[in-house]
Amino acid sequence: THLISSSVRDLGVYAEGDETSHIESAEELEQKAREEAERRAREELEEEEAREAGSRLVVLFVVTPEAHEKNPKLVEKVRRWCDISGAHCVIVPSPDVLVAGPAPYANHGA
């Protein structure tokens, strides 16, 4: 018990200046470590699921020459968001291009 208390005290898991304050037991420390590991595992799983869902998305983003001039890093920022989410990214210079681009494919089957 003295060895555990010394080890816990060495880790700094007690209130400074008050040696009689509550010292967490080894079991409590292990429980907190398990809970933290489980929380991290859940977060990683959620991020993986989000990336998988994002990989099925296409982001169509209009950045006009004027907008690019005002904020030259906007395109880089949007591409970074897409990279993080796993989404496919298409950046076009005007709404006209956004509308006109798929038109031939829509009319192809008609």
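Preceding this paragraph is the structure being described.
Keep in mind that what you see is a predicted model, and the values were worked out from it rather than measured.

Rules used throughout
Residues numbered from 1 in each chain as written. Predicted model: local features only at pLDDT ≥ 70, side-chain atom pairs only at ≥ 80, totals over all residues. Heavy atoms only, no water. Salt bridge = Lys/Arg side-chain N within 4 Å of Asp/Glu carboxyl O. Helix = DSSP H or I, 4+ residues; strand = E, 2+ residues; numbered from the N terminus. Buried < 20%, exposed > 50% of the residue type's maximum accessible area, 1.4 Å probe, protein only.

Caption draft 1: Up close: the pattern of salt bridges. A full pass over the atoms with the stated rule returns five salt bridges. Two residues, E36 and R39, come together in a salt bridge whose shortest N-O distance is 2.4 Å. Here E36 and its partner R39 are both found in helix 2 (residues 26-54), three residues apart, which amounts to about one turn of the helix. E36 sits in the partly exposed class, given a relative accessible area of 28%. Where R51 meets E47, a salt bridge forms, and the shortest distance between an N and an O atom there is 3.5 Å. Here E47 and R51 lie together in helix 2, a separation of four residues that amounts to about one turn. Accessibility expressed as a relative area gives 42% for E47, which makes it partly exposed. One network of salt bridges, in which partners are shared, links E36, R39, R40 and E43.

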